[in-house]
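Survey of secondary and tertiary structure
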Amino acid sequence: MAKIQSIRGMNDLLPADSALWQYLESTVSGVLGRYGYQEIRFPILEQTELFKRSIGEVTDIVEKEMYTFKDRNDDSLTLRPEGTACCVRACLQNGLLDNQQVQRLWYTGPMFRYERPQKGRLRQFHQIGVESFGVATADVDAEVIMITARLWEQLGIREHVTLELNTIGSLEARANYRTALVEFLQQHFNDLDEDSQRRMESNPLRILDSKSPSTQAILDQAPSLMDYLDDDSREHFETLKTLLDAAGVSYNINPRLVRGLDYYSKTVFEWVTDKLGAQGTVCAGGRYDGLVEQLGGKPAPAVGFAMGVERLCLLLQELDKVPAEIAADPDVYFVVAGQQAQTAAFQLAEQLRSQIPALKLQLHCGGGSFKSQFKKADKSGAAIALIVGDNEAQEGVVNVKWLRDEIEQKTIKNDQLPALLIEALNGLS
Ligand code: ATP
Ligand code: MG
C-alpha cells in the first residue's frame, strides 16, 4: 500500500533535532522568566475574523497565506498564522488587561502560513513570541529588545545578528506620509513592479518593503517617513535609541523597515543574519498601541516580537553553536546476559537511578550476546559500560569498562558503584 506522507512544508521534528529545540526553548524561557515574563497558552484555531481584523485585510498573510476553512457548524475558522492577535484575544477574554494592568507574557507553538516551502520557510513553523501590555513608554520597547540581545549572547550568536530599527509613527503621521508617498510613486507607476503597482491602492507603505531592485531604486528618491513623524513618536524613538546606546546595543536605522502587518505603530525592529540566505530575519516585532482597542478592549499600549524557531535552530547549526552537552547520549550503558543477571541488573539499575538522579543510564533490553551488546554500548556514546553476567549477579559485583578512555576494566561490589560513577562522570548534578 502507498505510504501516506506529511503535508508539504509541515515537518516532523526527529529525535536527532529535538534536543536542540529543547535547548533553545529552555534558554529562551529562562531569560524571559528572569525578566518577569510568564507563559500563556492559547488555541491553535481561532475565528477567521480575529486575524482579518488585526493583521489587516490587505496584507500578505490575510490575502494569501491563511489556512481557513469552514467547520461542521459552518463557522469560518483559521489556523493561527501568528500569535499576537491570539494573545490579545485571550487577554481580553480572561480579563488580563482590565484596570490598565501591566502584563508581561510569552508563548510558543506552531503557526501556519500557506507559503512556498524552502529553507527557513515552512507552512507549519514555530515561533516564540513575547508581548508586553500596559506600558506606553519607550523603556519597555528597550526592555523587549534587550531580552533578545541577551538571548543571542547566551546562545553564542550575538555577533552574527544585527538589529534593524525604525519608527513608523502614529496612525495620523502614517496617513500623511501615505498621501505624499502615493503622490510621488504615481509619477513612476509604470516602472514599479507588479506587486507594488497593486499595493498603490491597497497598502502603499508595503511598497517600501518591495524586494524588486528597480522599485528600490525609485524609492531612493521617495519622501522619507522620518520627515512626517509626529512629535510623540519622534521623542519615543529618541528615548529608545538613548536606552539602547546606554545598554551597548548597536542598531541600524532602516527607514524602509515597515513590517508586513497592519497593527504596528511607532517602534518596529528586526534581527537579521546574513548566514541563512534569503530567509535572514530570525526575530521581528514592534509596538502596536492600537490593537487592543481594535479587538474590542479598552485602549492599552503594547509591544512585542516573535522569533522563528526553525531559523534560529538552522543558525545555531550553521554557526556550530550547538552545545555538545545537550546530546542525549547516556552516561552509562548496562550490558546484561543471563537469567539471574537480568533480575540483578534491573534492580541495580533502578537503585542507581534513585541514588544518582542525574545519571543517564541505558539498560540493555531484549537479550543478545555480549558482543552485540558491546557494539550497542559503543554506538550509544556512553562513557562507561556496566557488565553483569550470572556469575557477577551471584557475587553481587559488577564489571566496569571505560569505553572512551584508556582505563583498565574493574570489578567492584555493587554498593561501591554509586561513588565510582559519581567520580568517573564528574559533573553529574
Ligand atoms: P518573512 O519576511 O521572512 O516572511 P514575516 O515578516 O512574515 O517574515 P513575522 O510575521 O514577523 O515574519 O514572523 C516573525 C518571525 O517568524 C520571522 O522573523 C521568521 O523568523 C519566522 N517566520 C515567519 N514566517 C515563517 C515561515 N513561513 N517559516 C519559518 N519561519 C517563519
Ligand atoms: Mg512572511
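Residues numbered from 1 in each chain as written. Chains lettered and ligands numbered in written order. Predicted model: local features only at pLDDT ≥ 70, side-chain atom pairs only at ≥ 80, totals over all residues. Heavy atoms only, no water.

1. Brief notes about the pattern of salt bridges
Worth spelling out the cut-off: Only one rule defines a salt bridge in this text: a Lys or Arg side-chain nitrogen within 4 Å of an Asp or Glu carboxyl oxygen. Comment: elements are numbered from the N terminus, with helices defined as DSSP H or I runs of at least four residues and strands as E runs of at least two. Only protein chains enter the accessibility calculation, which uses a 1.4 Å probe. A residue is then buried if its area is under 20% of the maximum for its type, exposed if over 50%, and partly exposed in between.
By the definition in use, this model includes 19 salt bridges. Note that Arg-199 and Asp-60 form a salt bridge whose closest N and O atoms lie 2.7 Å from each other. With Arg-199 in helix H7 (residues 194-202) and Asp-60 in helix H3 (residues 60-65), this pair connects stretches of sequence that are 139 residues apart. Here Arg-199 and Asp-60 have matching classes, each one buried. The partner of Glu-270 in a salt bridge is Arg-259, with the nearest N and O atoms 3.0 Å apart.

2. Brief notes about the packing of helix H5 (residues 138-155) against helix H9 (residues 231-246)
As a reminder, the rule being used: Interaxial angles span 0 to 180 degrees and are taken between N-to-C directions of axes, which are lines fitted to C-alpha atoms, for helices over the stretch in contact. Angular relationships are summarised with four words: roughly parallel below 35 degrees, roughly antiparallel beyond 145, roughly perpendicular across 65 to 115, and oblique for the angles in between. For any pair of crossing helices, the crossing counts as left-handed if the nearer helix is rotated counterclockwise from the farther one by less than a right angle, and right-handed if it is rotated clockwise. The criterion used for residue contact is that any of the two residues' heavy atoms lie within 4.5 Å. Any residue outside Ala, Val, Leu, Ile, Met, Phe, Trp, Tyr, Cys, Pro, Asp, Glu, Lys and Arg is labelled polar, Gly included; the first ten of those are nonpolar and the last four are charged.
Interhelical geometry of H5 versus H9 gives an angle of 40 degrees and a closest axis separation of 8 Å. Considering their axes alone, H5 and H9 lie oblique with respect to each other. Note that H5 runs across H9; the crossing there is right-handed. Across from Ala-138, Asp-139, Asp-141, Ala-142, Ile-145 and Met-146 in H5, the residues of H9 making contact are His-236, Thr-239, Leu-240, Leu-243 and Leu-244. Looking at the contact of H5 with H9 residue by residue, the class counts come to 7 nonpolar, 2 polar and 2 charged.

3. Comments concerning the environment of Phe-269
Within the secondary structure, Phe-269 sits in strand S9 (residues 265-272). Considering only alpha carbons, one finds Phe-269 and Phe-305, 36 residues apart in sequence, at a separation of 8.5 Å.

4. Some words on the UniProt feature "binding site: L-histidine" (unreviewed entry) in the protein chain
Rule in force here: UniProt positions are given in the numbering used here, feature names are shortened, and annotations may be inferred rather than shown by experiment. A cavity here means a set of points on a 1 Å grid, drawn over the protein atoms and nothing else, where a 1.4 Å probe fits but cannot get out; a pocket is an open set with protein on both sides within 12 Å along at least five of seven lines, and a residue lines either one if it has an atom within 4 Å of a point.
Under the present numbering, the feature "binding site: L-histidine" (unreviewed entry) in UniProt falls on Glu-82, Gly-83, Thr-84, Arg-113, Gln-127, Glu-131, Arg-259, Tyr-263 and Tyr-264. Within the annotated group, the residues that form the lining of the second largest pocket are Arg-259, Tyr-263 and Tyr-264. As for its position among the elements, Gly-83 is in the loop between strand S4 (76-79) and helix H4 (84-93). Of the residues examined, Gly-83 reaches a relative accessible area of 0% and is grouped as buried. Filtering out sequence-adjacent residues up to four positions away, Gly-83 remains in contact with Phe-42, Tyr-107, Met-111 and Gln-127. Note that Thr-84 resides in helix H4. The residues contacting Thr-84, other than those within four sequence positions of it, are Tyr-107, Glu-131, Tyr-263, Tyr-288 and Leu-291.

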